[in-house]
Amino acid sequence: IDSEKIGVIGHSLGGSAALAMPRLREDIDVVVALESPYLYDIVGVKKSEFQWLQEDYPVPVLNIYSDSAWNHLSDWPQYARNAEMIAASNASIQNIHFPGAGHFSLTDLSLVSPWLARLLDGIPPDIEYRDYLQRVNQSILLFVDHFLKSNI
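Definitions and cut-offs
Residues numbered from 1 in each chain as written. Predicted model: local features only at pLDDT ≥ 70, side-chain atom pairs only at ≥ 80, totals over all residues. Heavy atoms only, no water. Helix = DSSP H or I, 4+ residues; strand = E, 2+ residues; numbered from the N terminus. Rg over C-alpha atoms; globule rule 2.2 N^0.38 Å. Buried < 20%, exposed > 50% of the residue type's maximum accessible area, 1.4 Å probe, protein only. Contact = heavy atoms within 4.5 Å. Areas by Shrake-Rupley, 256 points an atom, 1.4 Å probe, with all protein chains shown as cover. Lys, Arg positive; Asp, Glu negative; His and termini not counted. Charge placed at Lys NZ, Arg CZ, Asp CG, Glu CD. Polar contact = N/O pair within 3.5 Å; in protein donor to acceptor, adjacent residues only side chain to side chain. Expected span 1.5 Å × (residues − 1). Core = buried A, V, L, I, M, F, W, Y, C linked by side-chain atoms within 4.5 Å. Pairing = 2+ DSSP bridges. Axes fitted to C-alpha atoms, helices over the stretch in contact; angles between N-to-C directions.

A look at the overall build of the protein
Phase 1 of the analysis: Helices and strands together make up the secondary structure of the protein, namely six helices and six strands.
Phase 2 of the analysis: The C-alpha radius of gyration of the protein comes to 16 Å, within 12% of the 15 Å expected for a compact globule of 152 residues.
Phase 3 of the analysis: Classification of the 152 residues of the protein by burial places 39% in the buried group.
Phase 4 of the analysis: Taking the intrachain contacts of the protein between residues at least 6 apart in sequence as the baseline, contacts between residues at least 24 apart amount to 64%.
Phase 5 of the analysis: When the accessible surface of the protein is totalled, it reaches about 8700 Å², and 53% of it is carbon and sulfur.
Phase 6 of the analysis: The protein carries 10 positive and 19 negative side-chain charges, and their two centres are separated by 2 Å.

Structure (structure tokens):
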């Protein structure tokens, strides 16, 4: 383990916590957020709208989305920063949509209890969970390896 190269990953609100880490600590080098809003970047509310931190995101980030959020990023106010990052041209910010399944398909819950994942997602998956997670995991490994190992 190279303790000089630290990456964090999280899903949903755990991903929001992971996205906050490079803003709070200087030793975080990369973040992977699985369908997670940039909640830490909300600095206030004015006229019923979120006010966002104006600083650039400090480290490379991979945002991964399922069908649950992908088509709603521009509609849901807490995901406004996510939608903004998709529109921006920045090589260190990557956004991937894996179609065919819902929010909990991005976790091991879909393997442990496929029935519960389907129930919580509210949509039947169009994919095999194991294949879906394998594609998600491969993308994460490529991203993390690129940004953490390329400087070794």
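Some remarks on the environment of Tyr-132
Phase 1 of the analysis: Residue placement: Tyr-132 occurs in helix H6 (residues 129-149).
Phase 2 of the analysis: On a C-alpha basis, the gap between Tyr-132 and Asn-95 in space is 16 Å, while along the polypeptide they are 37 residues apart.
Phase 3 of the analysis: Every residue in contact with Tyr-132, bar those within four places of it in the chain, is listed here: Tyr-65, Ser-66, Phe-98, Pro-99, Ala-101, Ser-105, Leu-106 and Ile-127.
Phase 4 of the analysis: Here Phe-98 takes part through its backbone oxygen, which lies 2.6 Å from a polar atom of the side chain of Tyr-132.

Quick notes on helix H1 (residues 13-24)
Phase 1 of the analysis: Its twelve residues place the ends of H1 17 Å apart at the C-alpha level, agreeing with the 16 Å of an ideal helix rising 1.5 Å per residue.
Phase 2 of the analysis: Within H1, the full set of buried residues consists of Gly-15, Ser-16, Ala-18, Leu-19, Ala-20, Pro-22 and Arg-23.
Phase 3 of the analysis: Turning to H1, the residues buried within the fold contact strand E1 (7-11), strand E2 (30-34), strand E5 (61-65) and helix H3 (80-87).

A look at the nonpolar core
Phase 1 of the analysis: Counting residues in each nonpolar core, the largest one holds 14 residues, and the members touching the most others are Leu-34, Ile-64, Val-136 and Ile-140.
Phase 2 of the analysis: Looking at this core element by element, the count peaks at six residues for H6.
Phase 3 of the analysis: Residues contacting Leu-34, with those up to four places away along its chain left out, are Ile-9, Gly-10, His-11, Ser-12, Ile-64, Leu-106, Val-136 and Ile-140.
Phase 4 of the analysis: By size, the runner-up hydrophobic cluster in this structure holds twelve residues, among which are Ala-18, Leu-19, Tyr-38 and Val-61.

As for the sheet that holds E1
Phase 1 of the analysis: Sheet architecture is open: four strands sit in the order E1-E2-E5-E6, paired in parallel fashion. Either end of the sheet is taken by a strand with one partner, and the two such strands are E1 and strand E6 (93-97). On average, each strand axis in the sheet is inclined to that of its neighbour by 10 degrees, with strand direction left out of account.
Phase 2 of the analysis: As defined by bridge partners, E5 adjoins E6 across five bridges and the pair is classed as parallel. Across the sheet, Leu-62 pairs through a bridge with Gln-94, a residue of E6.
Phase 3 of the analysis: In the packing of H1 onto the sheet, contacts are made with E1, E2 and E5, and the angle to E1 comes to roughly 155 degrees.
Phase 4 of the analysis: Each of E1, E2, E5 and E6 is contacted by H6, which is oriented at about 160 degrees to E2, the strand it contacts most.

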